[in-house]
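Descriptive analysis of the structure
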Amino acid sequence: MRALLALLLAGSASADSPLFDGSAAARALAKPEPVESAAGAPAESEPNVILITWDGVRREEFFVNRPDRRLEKSDTAELFPKFWGARRSEGTVWGDPNGGSGFGISNIGVLSLPAYQSIMAGSAQRCVNNNCGRIKSSTFPERLVKELGLPREKVAVVASWPGIALAVEKKEGAIYVDAGKGGKTRNDFETWPIALSYLKEKRPRFFYISLNDSDDFGHAGDYPSYLRMLRAYDGWLDELFTTLDQMGAYGKNTTVLLTTDHGRGHGQDWKNHNPLRPMAARIFLFARGPRVKKGAQGSGVRSHADIRPTVEKLLGLKPRSCLLCGDPLSEALSAPKASSPAPGS
């Protein structure tokens, strides 16, 4: 299995590859980068990261910013007016088919749990369906608690789908997890205010918000409701950025990463996602933060596996190294870190 994954992920890296991955096996031999320590920094000036996933959102709707005319002819309004009208210029985007970069998944199942586990592990896992159980590898949120000496509440997950709990931690209880409601999927309209309230109250160093309704409406073939969720996500993302802008030093030192676990089929085949539908493996990522290039296009072909090392480096840890591990997203780390004020200044 591992040999098969290595062949898939380290092969031809082009934006047209259905399962492209920016983490070629040869890069595992590269010289490790030095550790960047955040020790000694005042609490409010420490770096923070928020990761958001919108389950099953196609890159077609994200980049075109309009409903698919093959699926909806009467609704022609923008889907992400706040993002493309104001927020896009505040960061870097990957995966635009017209922008020269690619972004893809890091699993062969093209399903949710395999995708979430590969994000949290930083490499493809043996999980190939949504029934593979709890992740078998230690995750980067667990590493943050252990190596940064953080309390559980500072490394937190709020999710609509209860399956997220099986991806974010190998050992249950290592981090704070609020996933689903009573063992069932929670409506995103309930999850979002819970997440925003947690952010304001706890100010976590790492916060993962996972939203799910878009995928449920996709599988149901309910395109109007799918579009409704995309517009809700646009408003919520803008609300998050506005909230961070009002949170002083905490907000100024917070990087936001936005992506999806997988895309969907093309045209009339939009409801499904699996290895037979290559478009479902081609997705997007947006980053906004103090060290992120503004108004930029990401370079090269990157993947889910590159999220973990990016978060680790942003938070001052040396990225994990392994055969299938990804590399930090350079455009999310390019701006110089603000220097600490001199004592007494």
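Placed above this text is the structure.
Read on for an overview of the structure.

**Digging into the pattern of salt bridges**
According to the stated counting rule, one finds 22 salt bridges in the structure shown. Linking Arg 58 and Asp 68 is a salt bridge whose minimum nitrogen-to-oxygen distance equals 3.0 Å. Taken as a pair, Arg 58 in the loop between strand 1 (48-54) and helix 2 (59-64) and Asp 68 in the loop between helix 2 and helix 3 (81-87) lie far apart in primary sequence, 10 residues in all. On the accessibility criterion, Asp 68 (9% relative accessible area) is buried. One continuous salt-bridge network, built from bridges that share partners, spans Arg 58, Glu 60, Glu 61, Asp 68 and Arg 70.

**Here we look at the sheet that holds strand 9 (residues 296-297)**
Ordered in space as 5-4-6-1-7-8-2-9, the 8 strands form an open sheet in which the pairing is mixed. Looking at the sheet topology across the chains shown, the edges are occupied by strand 5 (176-179) and strand 9. Both strand 1 and strand 6 (residues 206-211) contribute to a ladder of 6 bridges, which runs parallel. Residue pairing for strand 6: Ile 50 is matched across the bridge by Phe 207. Against the sheet, helix 9 (residues 223-245) engages strand 1, strand 6, strand 7 (254-259) and strand 8 (285-288), with an angle of about 170° to strand 1.

**Describing the pairing of strand 6**
For strand 6, a buried count of 6 out of 6 residues is recorded, marking the element as mostly surrounded by other parts of the structure. Burial of strand 6 is two-sided: the residues Phe 206, Tyr 208 and Ser 210 facing one way and the residues Phe 207, Ile 209 and Leu 211 facing the other way are all buried. Across 5 bridges, strand 4 (residues 155-159) lies against strand 6 in parallel orientation. Pairing of Val 158 across the sheet is with Ile 209, part of strand 6.

**Points about the state of the cysteines**
Taken as a whole and assessed by the stated rule, the structure comprises 2 disulfides. Across the disulfide from Cys 127 sits Cys 132; the S-S distance is 1.9 Å. With the S-S dihedral at roughly -65°, the linkage between Cys 127 and Cys 132 falls on the left-handed side. Here Cys 322 engages in a disulfide with Cys 325; their sulfurs sit 2.0 Å apart. One disulfide, between Cys 322 and Cys 325, carries an S-S torsion of 110° and so falls in the right-handed class. The burial state of Cys 322 is the same as that of Cys 325; both residues are buried.

**Some words on the environment of Gly 100**
Mapped onto the secondary structure, Gly 100 falls in the loop between strand 2 (92-94) and strand 3 (102-104). A relative accessible area of 70% places Gly 100 in the exposed class. A sequence separation of 198 residues divides Gly 100 from Gly 298, and the C-alpha atoms of the two residues are 8.0 Å apart.

**What to know about the packing of aromatic side chains**
Enumeration over the complete set of coordinates arrives at 24 aromatic pairs. Ring centres of Trp 54 and Tyr 233 lie 5.2 Å apart, and the angle between their planes is 25°; on these two criteria the pair is classed as stacked. Here Tyr 233 lies in helix 9 and Trp 54 lies in strand 1, a separation of 179 residues in the sequence. For the pair Phe 189 and Trp 236, a centre-to-centre distance of 5.1 Å together with 80° between the ring planes defines the contact as edge-to-face. Pair noted here: Phe 189 is in helix 7 (residues 188-202) and Trp 236 is in helix 9, with a separation of 47 residues, a long-range link. Residue Trp 236 is classed as buried on the basis of its relative accessible area, which comes to 12%.

**With respect to the packing of helix 7 against helix 9**
Viewed as axis vectors pointing N to C, helix 7 and helix 9 meet at an angle of 10°, and their least axial separation amounts to 12 Å. Classified by the angle their axes make, helix 7 and helix 9 are roughly parallel. Packed against helix 7, whose contacting residues are Asp 188, Phe 189, Trp 192, Leu 196, Leu 199 and Lys 200, the element helix 9 presents Arg 228, Met 229, Ala 232, Tyr 233, Trp 236, Glu 239, Leu 240, Thr 243 and Leu 244 at the interface.

**Notes on the nonpolar core**
Residues Leu 51, Ile 164, Phe 206, Tyr 208, Ile 307 and Val 311 are the most contacted members of the largest nonpolar core, which totals 42 residues. Broken down by secondary-structure element, the contributors of at least two residues to this core are strand 1, helix 4 (112-121), helix 5 (140-147), strand 4, helix 6 (165-168), strand 6, strand 8 and helix 11 (307-314). The element best represented in this core is helix 4, accounting for 4 residues. Ignoring sequence-local partners within four residues, the contact set of Ile 164 consists of Tyr 116, Val 157, Ala 159, Tyr 208 and Ser 210.

**Things to note about the environment of Asp 245**
Secondary-structure assignment places Asp 245 in helix 9. The contact partners of Asp 245, leaving out residues within four places of it in the chain, are Arg 87 and Arg 288. A distance of 3.1 Å separates polar atoms of two side chains, one belonging to Asp 245 and the other to Arg 288.

**What about empty space enclosed by the protein?**
Think of a ball as big as a water molecule: rolled over the atoms, this probe shows where empty space is left. The final tally for this structure, using the stated rule, is 1 cavity of 30 Å³ or more. Approximately 30 Å³ is the volume attributed to the largest cavity. Forming the boundary of the largest cavity are Ala 121, Gly 122, Ala 305, Arg 308, Pro 309, Glu 312, Arg 320, Cys 325 and Gly 326. Classifying every residue of the lining of the largest cavity by side-chain character gives 4 nonpolar, 2 polar and 3 charged.

Each value, and the rule that gives it
- Residues numbered from 1 in each chain as written.
- Predicted model: local features only at pLDDT ≥ 70, side-chain atom pairs only at ≥ 80, totals over all residues.
- Heavy atoms only, no water.
- Salt bridge = Lys/Arg side-chain N within 4 Å of Asp/Glu carboxyl O.
- Helix = DSSP H or I, 4+ residues; strand = E, 2+ residues; numbered from the N terminus.
- Buried < 20%, exposed > 50% of the residue type's maximum accessible area, 1.4 Å probe, protein only.
- Pairing = 2+ DSSP bridges.
- Contact = heavy atoms within 4.5 Å.
- Axes fitted to C-alpha atoms, helices over the stretch in contact; angles between N-to-C directions.
- Disulfide = S-S within 2.5 Å.
- Phe/Tyr/Trp six-rings, centres within 6.5 Å; stacked < 30°, edge-to-face > 60°.
- Parallel < 35°, antiparallel > 145°, perpendicular 65-115°, else oblique.
- Core = buried A, V, L, I, M, F, W, Y, C linked by side-chain atoms within 4.5 Å.
- Polar contact = N/O pair within 3.5 Å; in protein donor to acceptor, adjacent residues only side chain to side chain.
- 1 Å grid on protein atoms, 1.4 Å probe; cavity = no way out; pocket = protein on both sides within 12 Å on 5 of 7 lines; lining within 4 Å.
- Points joined across faces, edges and corners; volume = space filled by probe spheres on them.
- Nonpolar A, V, L, I, M, F, W, Y, C, P; charged D, E, K, R; others polar.

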